[in-house]
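These are the residues of each chain, in order.
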Amino acid sequence: VFAASRIAAYAAGIRLDPDPLTWYWQYVEPALLKERLLESLFYLHSQPPLFNLFLGLTVKAFPASYGTALQVGFIAMGLVSTLAFYVLLTQLGLPRVARTVITVLLCVSPAVLLYENWLFYEYPTLMVLLLASIALHRFLARDSVAAGTAFFVLAAALIYLRSMFQFVWLLAVVVALIVAKPRRLVLSCANIPLGFVLFLYAKNFALFGTTATSSWLGMNVARVTVSQLEPDERRELVE
């Protein structure tokens, strides 16, 4: 079903548009991604670096056809997400028919097809969240160190991928798991991923004085407040 729906979408002219790579504020310039990737990621403070790392590696590997490579990459993310969603429903105990129908409806839904063809970090975030959910469920059910470590690696990846996820969120997850599981087990799984997250925060604070993975909080708040005001109202408030 997944393959048939993607072939049908492609035949209908639905394509991933690579143009946002050249003008979205969230993305490092393609020339810098290609020629100075690690330096650009190290000094990036407007966004977490993981999605730009994905873009940079793609541009480096396929300089003449990175648009096609990104399309294939996003379809692969869709396949992984679909399989992960089915596995998660299985772990949660849904009957086979129910989880199959729900998974099929998800993978062919217009919203999923839209996000799969939008060059943005929402679709990779979906995939990582689903994989993290599988790992967390397995960790809680089996006390598996491998599953616990996988969960915290994926949770750290979310922080490196999407500024919506900050250290305070991960800290709350650690505290909740310590309540449910032995502290030594939780910390043994979490210590290295937590170290990578703290490194990102320490780097941003040392270089740019920001205590988050993105320095755009003020601008984002202004966009949904000040930018929406009528000019007369804005002038009145300024006065």
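Every chain's residues receive numbers from 1 upward, in the order its sequence appears when written. Local features are withheld for residues below a pLDDT of 70 in this predicted model, meaning they are given only at 70 or higher, and side-chain atom pairs are given and counted only at 80 or more; totals for whole chains, interfaces and linings count all residues. With hydrogens and water stripped out, all remaining heavy atoms of the structure feed into the side-chain values.

**Q** What am I meant to see in the overall build of the protein chain here?
**A** Going along the chain from the N terminus, every DSSP run of H or I of four or more residues is numbered as a helix, and every run of E of two or more is numbered as a strand. When helices and strands are counted, the protein chain shows 14 helices and zero strands. Helices and strands appear in the protein chain in the N-to-C order α-α-α-α-α-α-α-α-α-α-α-α-α-α. The dimensions of the protein chain, computed from C-alpha atoms along their principal axes, are 60 × 50 × 45 Å. When a residue's accessible area, from a 1.4 Å probe over protein chains only, is under 20% of the maximum for its type it is buried; when over 50% it is exposed; and in between it is partly exposed. Within the protein chain, buried positions represent 41% of all 239 residues. Looking at the protein chain as shown, the accessible area adds up to about 13400 Å², and 69% of this sits on carbon and sulfur atoms. The charged-residue count follows a simple rule in which Lys and Arg add positive charge and Asp and Glu add negative charge, with His and chain termini not counted at all. Charge placement uses NZ in Lys and CZ in Arg. For Asp and Glu, CG and CD serve respectively. Separation of charge centres in the protein chain, based on 17 positive and 13 negative side chains, amounts to 19 Å. Every accessible area reported is derived by Shrake-Rupley at a probe size of 1.4 Å, with residue values counting cover from the shown protein chains alone.

**Q** What exactly am I supposed to notice about a nonpolar patch on the surface here?
**A** There is a patch of nonpolar side chains on the surface, built from Phe42, Tyr43, Phe199, Leu207 and Phe208 and spanning about 480 Å² of accessible area. With three residues, helix α12 (residues 183-208) is the single largest residue contributor to the nonpolar patch. Among the structural elements, Leu207 can be located in helix α12. Leu207 gets classed as partly exposed once you look at its relative accessible area, which sits at 38%. What goes into a patch is any residue over 30% in relative accessible area without a salt bridge, connected to like charges within 9 Å or, for nonpolar side chains (Val, Leu, Ile, Met, Phe, Trp, Tyr), within 5 Å. Each salt bridge in this description consists of a side-chain nitrogen of Lys or Arg and a carboxyl oxygen of Asp or Glu lying within 4 Å of one another.

**Q** Which parts of the structure should I look at to understand the nonpolar core?
**A** Looking at soluble globular proteins, one finds that nonpolar side chains tend to be buried together. Within the largest apolar cluster, 47 residues are counted, with the highest numbers of intra-cluster contacts made by Tyr27, Phe51, Leu55, Leu119, Phe151 and Phe152. Mapped by element, the contributors of at least two residues to this core are α4 (37-42), α5 (50-61), α6 (66-91), α9 (122-142), α10 (145-161), α11 (167-180) and α12. Broken down by element, the residue count for this core peaks at ten residues, all from α10. Dropping the residues within four chain positions of it, Leu119 is found in contact with Leu16, Asp17, Pro18, Pro20, Leu21, Tyr24, Tyr27, Phe51, Leu55, Leu70 and Phe74. Counting residues in hydrophobic clusters, the runner-up holds six residues, among them Ala84, Phe85, Leu89 and Leu130. By convention a nonpolar core is built from buried Ala, Val, Leu, Ile, Met, Phe, Trp, Tyr and Cys residues, the set being connected through side-chain atoms within 4.5 Å. Contacts were defined at the residue level, with two residues in contact if any of their heavy atoms lie within 4.5 Å.

**Q** Can you help me understand the packing of aromatic side chains in this one?
**A** Within a pair of aromatic rings, the relevant descriptors are the distance that separates the centres and the angle that separates the planes. Centres within 6.5 Å are what make two rings of Phe, Tyr or Trp a pair, Trp counting through its six-membered ring; a difference in plane orientation under 30 degrees is then read as stacked, over 60 as edge-to-face, and the rest as tilted. Taken as a whole and assessed by the stated rule, the structure comprises 17 aromatic pairs. Note on Phe74 and Tyr123: the rings are 6.1 Å apart at their centroids and 10° apart in plane angle, and the pair reads as stacked. With Phe74 in helix α6 and Tyr123 in helix α9, the pair connects residues that are 49 residues apart, well separated along the chain. Exposure class is identical for Phe74 and Tyr123. Each is buried. Note on Trp118 and Phe120: the rings are 4.4 Å apart at their centroids and 15° apart in plane angle, and the pair reads as stacked. For Phe120, a relative accessible area of 9% corresponds to the buried category. In this structure an aromatic cluster arises from ring pairing among Trp23, Tyr24, Tyr27, Phe51, Phe54, Phe74, Tyr115, Trp118, Phe120, Tyr121 and Tyr123. Criterion for a charge above a ring: Lys NZ or Arg CZ within 6 Å of the ring centre, and within 35 degrees of the ring normal. Positioned above the aromatic ring of Phe42 is the side chain of Lys203, whose terminal nitrogen or guanidinium carbon lies 5.7 Å from the ring centre.

**Q** Help me out: how do you make sense of the pattern of salt bridges in this one?
**A** Side-chain pairing between opposite charges can occur once the charged atoms of the two side chains come close. In the structure shown here, the tally under the stated rule is five salt bridges. Residue Asp143 pairs with Lys181 through a salt bridge whose shortest N-O separation is 2.5 Å. Taken together, the residues Asp143 in the loop between α9 and α10 and Lys181 in the loop between α11 and α12 connect sequence positions 38 residues apart. A relative accessible area of 35% places Asp143 in the partly exposed class. Classification of Lys181 as buried rests on a relative accessible area of 16%. A salt bridge links Asp232 to Arg235; its shortest N-O distance comes to 2.3 Å. Of this pair, Asp232 and Arg235 both sit in helix α14 (residues 231-238), separated by three residues, roughly a single helical turn.

**Q** Just checking my understanding: could you explain a negative patch on the surface for this structure?
**A** On the surface, Glu230, Glu233, Glu236 and Glu239 cluster together into a patch of negative charge. Inspection of the secondary structure assignment puts Glu233 in helix α14. For Glu233, a relative accessible area of 40% translates into the label partly exposed.

**Q** Sorry if this is basic, but what is going on with the side chain of Gln166 here?
**A** You can see Gln166 is positioned in the loop between α10 and α11. The contacts of Gln166, once residues within four sequence positions are left out, are Ile159, Tyr201, Ala212 and Thr213.

**Q** Just checking my understanding: could you explain the environment of Ala84 for this structure?
**A** Note that Ala84 resides in helix α6. Residues Ala84 and Val128 lie 44 residues apart in sequence; the distance between their C-alpha atoms is 9.5 Å. If we skip the residues at most four places from it in the chain, Ala84 touches Leu130, Leu131 and Ile134.

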